[in-house]
Amino acid sequence: AQSAAGSEGCGMTLRLSFPLCVAFVGGVLFSHGPAAAQAADKNEYVPQYPEDIEVEKDVEFLPGGRKERLDIYYPARSAGGGRVPAVVFFHGGGFNDGAKDRKREISVCSDLARAGYLAVSATYKLSRAKGQVTWPRNIHDCKLAVRWVRDNADRLGIDPDRIAVMGGSAGG
């Protein structure tokens, strides 16, 4: 699949073997409710998932009981029930920060699911301590996430030949 970023129409266009257009407009989610109020008091972030999208959270994809996980955003199934394309999204953060369930990741993956794609937001090994070396473990984690999606195509209802990868900053 080709991946040439442009700036036509919706803000960002990826040219792939299947159509995909992601607009970063109006997709901001705001935390509300008691859990968010308690978190605000402690300066903690509480992910706010959309109510109109089915999200399977914290799915294991790495061997050995690693803590990194992925979230799966399911599209509404069409009457035809055919397999859908998938997009695996990797967060940014300079390989030392970031998470699969921050506002940008939730917003992008929710918009993709609404557009008919199965979206996956995955985490990878981060360098949290000064001097900690994570290369090439982090890129191997990303490859394993894509491989896991392809290996689970039947369970996920996707076409294993139509998987795109995108991300922000270090994740892109």
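Residues numbered from 1 in each chain as written. Predicted model: local features only at pLDDT ≥ 70, side-chain atom pairs only at ≥ 80, totals over all residues. Heavy atoms only, no water.

**Considering helix H2 (residues 103–114)**
Turning to step 1, where the next piece is worked out: Compared with an ideal rise of 1.5 Å per residue, which puts twelve residues at 16 Å, H2 spans 16 Å between its outermost C-alpha atoms and is within 8% of the ideal.
Turning to step 2, where the next piece is worked out: Gly116, located one to two residues past H2, shows a positive phi value of around 100°. (Helix = DSSP H or I, 4+ residues; strand = E, 2+ residues; numbered from the N terminus. Expected span 1.5 Å × (residues − 1).)

**With respect to the confidence of the model for the protein**
Low pLDDT means the predicted atomic positions in that stretch should not be read closely.
Turning to step 1, where the next piece is worked out: In the predicted model, the protein carries a mean pLDDT of 80, and 73% of its residues have values of at least 70.
Turning to step 2, where the next piece is worked out: A low-confidence stretch, residues 1–40 stays under pLDDT 50, and its non-local contacts, those more than four residues away or across chains, total 58 contacts. (pLDDT = per-residue confidence, 0-100. Contact = heavy atoms within 4.5 Å.)

**What to know about the environment of Phe90**
Turning to step 1, where the next piece is worked out: Checked against the element boundaries, Phe90 lands in strand S6 (residues 84–90).
Turning to step 2, where the next piece is worked out: In this structure the C-alpha to C-alpha distance between Phe90 and Met166, which are 76 residues apart in sequence, comes to 6.4 Å.
Turning to step 3, where the next piece is worked out: In this structure Phe90 touches Ala122, Tyr124, Cys142, Ala145, Val146, Val165, Met166, Gly167, Gly168 and Gly171, once residues within four positions along its chain are discounted.

**A closer look at the packing of aromatic side chains**
Turning to step 1, where the next piece is worked out: In this structure the tally under the stated criterion is three aromatic pairs.
Turning to step 2, where the next piece is worked out: Consider the rings of Tyr49 and Tyr73, whose centres lie 6.4 Å apart with planes at 40°: the pair is tilted. Taken together, the positions of Tyr49 in the loop between helix H1 (34–42) and strand S4 (54–60) and Tyr73 in strand S5 (residues 69–74) put the pair 24 residues apart, joining distant regions of the chain.
Turning to step 3, where the next piece is worked out: Judged by its relative accessible area of 16%, Tyr49 is buried.
Turning to step 4, where the next piece is worked out: Looking at Tyr73, the relative accessible area reads 0%, which means it is buried.
Turning to step 5, where the next piece is worked out: Pairwise contacts between aromatic rings join Phe90, Phe95 and Tyr124 into one cluster. (Phe/Tyr/Trp six-rings, centres within 6.5 Å; stacked < 30°, edge-to-face > 60°. Buried < 20%, exposed > 50% of the residue type's maximum accessible area, 1.4 Å probe, protein only.)

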